[in-house]
Amino acid sequence: MLDYSKKTVAQQRGYLVKSTEEAKQIGTFWLEQVALQNAVEFGLPEIDDRSHVWRVPLVRKETTERLGEIVIDARTSLIQEEQTTATKILEARLLGRNADYQKPTSKKKNYPKISALHNIVACGDSETVLTEELPSNSVDLVFTSPPYFNARPEYTDYLDYDEYLLKLRKVIRAAHHVLNEGRFFVINVSPVLIRRENRTKASRRIAVPFDLHRLFMEEGFDFIDDIIWVKPSGAGWATGRGRRFAADRNPLQYKAVPVTEYVLVYRKQTEHLIDWSIRFHPDQQAVADSRIEGAYETTNIWRITPAHDSRHPAIFPLELAEKVIKYYSFKNDVVLDPFAGIGTTGKAAAKLGRRFVLIEKEPEYAQIILKEAKGWLGEKELEKVVKRL
Ligand SMILES: C[S@@+](CC[C@H](N)C(=O)[O-])C[C@H]1O[C@@H](n2cnc3c(N)ncnc32)[C@H](O)[C@@H]1O
């Protein structure tokens, strides 16, 4: 049995924000941003380990009268704006008037809008670009495949698997913010094989798709579909999985050769049915022009040959991106890929008359995207691409 007696709840749960001091530091940063640091101070922060948040009470400096609270996601350290007392309410309470100001509830009818974004190619960290540079509700579809998690410290960008998941959570959250209501986030992902270090150790498989699924559910998405991308047989033998069994045929040693990847489909939560996005789309001509005529994938098994490119080790096939974009967006929509690689999503989007936002952290790949984009768009349109390199 583990002895938890000396660990705080936050430590036991492995939260990123571990102490009342850390919660207050984040609170101080927020107070400074809203310029209330001279009038407001903190009560004692408390952890709520059922909803995984820190609640930092805000009190009036002179009297310690309670004014509201800051709510911090304990796992990511991000402030939960929706649950945090609005600045306007704090100001009203400080002034002693209109203290029962309510957050405006959006009873007003809202309808889908056409995004004002141009095509964008950005080189940088997608979490930062999405949170700092893209407006909310400006993207109509996200399609991506995340960076590969490699457990070996010498090859990985992440300290460990938890840190990797935390980064993906932050990007999923930022993408949720920029994604339009009721629109889709489609992600191509598969379990990762961690090769054994030597003959005395076992190899491991990490079920990344199932951990990601939990993140999507927690970050405000509904689960829609699990599409299985099947590669031609022979594709998975290079992993080495299944060779031992093929030779020895002992029970328990059986290991299936992986020839599939997941294409998981999520929808940003909304009270509206999918029909709402179609019926109230402001450009009904685009809706009509986007109809999928003729043959289409009727089941969740898609057979597609993998793609290879000497310039990038892990691209997905253009055919996969085209299917996703055709099935989950309208013409002229904005398609975002926050882990853009050499830009397959952009190429498919341009080909299908959609706009694109491509974010890639490696300058070398971002340059390849720009070079390729000339072929997708032509020189004149390329000039209009917003470049943030
Ligand atoms: C699996 S690859 C995507 C390949 C892409 N689908 C294609 O077909 O070219 C993931 C990409 O994410 C990039 N990446 C990793 N972390 C990133 C981050 N924080 N922000 C932006 N790009 C990132 C990697 O450099 C890599 O090129």
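Definitions and limits used
- Residues numbered from 1 in each chain as written.
- Predicted model: local features only at pLDDT ≥ 70, side-chain atom pairs only at ≥ 80, totals over all residues.
- Heavy atoms only, no water.
- Near = heavy atom within 4 Å.
- Polar contact = N/O pair within 3.5 Å; in protein donor to acceptor, adjacent residues only side chain to side chain.
- Areas by Shrake-Rupley, 256 points an atom, 1.4 Å probe, with all protein chains shown as cover.
- Nonpolar A, V, L, I, M, F, W, Y, C, P; charged D, E, K, R; others polar.
- Domains from an automatic or database assignment.
- Buried area = accessible area lost by both parts, 1.4 Å probe.
- Salt bridge = Lys/Arg side-chain N within 4 Å of Asp/Glu carboxyl O.
- Buried < 20%, exposed > 50% of the residue type's maximum accessible area, 1.4 Å probe, protein only.
- Helix = DSSP H or I, 4+ residues; strand = E, 2+ residues; numbered from the N terminus.
- Pairing = 2+ DSSP bridges.
- Axes fitted to C-alpha atoms, helices over the stretch in contact; angles between N-to-C directions.
- Parallel < 35°, antiparallel > 145°, perpendicular 65-115°, else oblique.
- Left-handed = near helix turned anticlockwise from the far one by under 90°.
- Contact = heavy atoms within 4.5 Å.

### Brief notes about the site of the ligand
Alright, step 1. Neighbouring residues of the ligand: 22 residues in total, closest D125, H312, I342, T344 and E360.
Alright, step 2. The separation between an oxygen atom of the ligand and a polar main-chain atom of F316 is 3.2 Å.
Alright, step 3. When the ligand is considered free in solution it has 610 Å² of accessible area, and contact with the protein chains removes 93% of it.
Alright, step 4. For the shell around the ligand, the per-class residue count stands at 10 nonpolar, seven polar and five charged.

### Considering the domain arrangement of the chain
Alright, step 1. Assigned domains within the chain: domain 1 (15-95) and domain 2 (120-291 + 299-388).
Alright, step 2. Between domain 1 and domain 2, the C-alpha centre-to-centre distance is 35 Å.
Alright, step 3. Taking both sides of the interface into account, the surface hidden between domain 1 and domain 2 amounts to around 520 Å²; carbon and sulfur atoms contribute 53%.
Alright, step 4. Of all residues in domain 1, the largest losses of buried area upon contact with domain 2 belong to R75, T76 and L78, amounting jointly to 77% of the total for that side.
Alright, step 5. Put simply, domain 1 and domain 2 have two salt bridges between them.
Alright, step 6. Notably, a salt bridge pairs R75 with E218, separated by 3.4 Å at the nearest N-O pair.
Alright, step 7. At the junction of domain 1 and domain 2, the tally comes to two residue pairs in polar contact (both at pLDDT 80 or more).
Alright, step 8. For the side of domain 1 that touches domain 2, the class distribution of residues is two nonpolar, two polar and two charged.

### Regarding the pairing of strand β11 (residues 260-268)
Alright, step 1. Counting buried residues in β11 gives seven out of nine residues, a clear majority hidden from the surface.
Alright, step 2. Taken together, the six bridges between strand β7 (residues 179-189) and β11 define a ladder with antiparallel strand orientation. Looking at β11, one finds that I187 is bridged to L264.
Alright, step 3. Taken together, the nine bridges between strand β10 (residues 221-230) and β11 define a ladder with antiparallel strand orientation. Looking at β11, one finds that D225 is bridged to V265.

### Some words on the side chain of S329
Alright, step 1. Secondary-structure assignment places S329 in the loop between α10 (318-328) and β13 (334-337).
Alright, step 2. On the basis of relative accessibility, which here comes to 6%, the residue S329 falls in the buried class.
Alright, step 3. A polar contact of 2.7 Å, which involves the side chain of S329, links it to the backbone oxygen of I325.

### Details of the packing of helix α4 (residues 126-133) against helix α5 (residues 161-178)
Alright, step 1. Close contact between α4 and α5 brings their axes to 9 Å; oriented N to C, the two are set at 30 degrees. In terms of orientation, α4 and α5 fall into the roughly parallel class. Pair α4 / α5 crosses with left-handed handedness. Between α4 and α5, the contacting residues are S126, E127, L130 and T131 on the first element and K167, K170, V171, A174, A175 and V178 on the second.
Alright, step 2. In the contact of α4 with α5, the residues fall into five nonpolar, two polar and three charged.

### A word on the sheet that holds strand β6 (residues 139-144)
Alright, step 1. Strand order in the open sheet formed by nine strands is β12-β10-β11-β7-β6-β13-β14-β5-β15, with mixed pairing between adjacent strands. Only two strands of the sheet have a single partner each, and these edge strands are β12 (301-303) and β15 (386-388). On average, each strand axis in the sheet is tilted by 15 degrees relative to the strand beside it, whichever way the strands run.
Alright, step 2. Pairing analysis gives three bridges linking strand β5 (residues 120-123) to β15, with the strands arranged parallel. The residue bridging I120 from the neighbouring strand is V386, located in β15.

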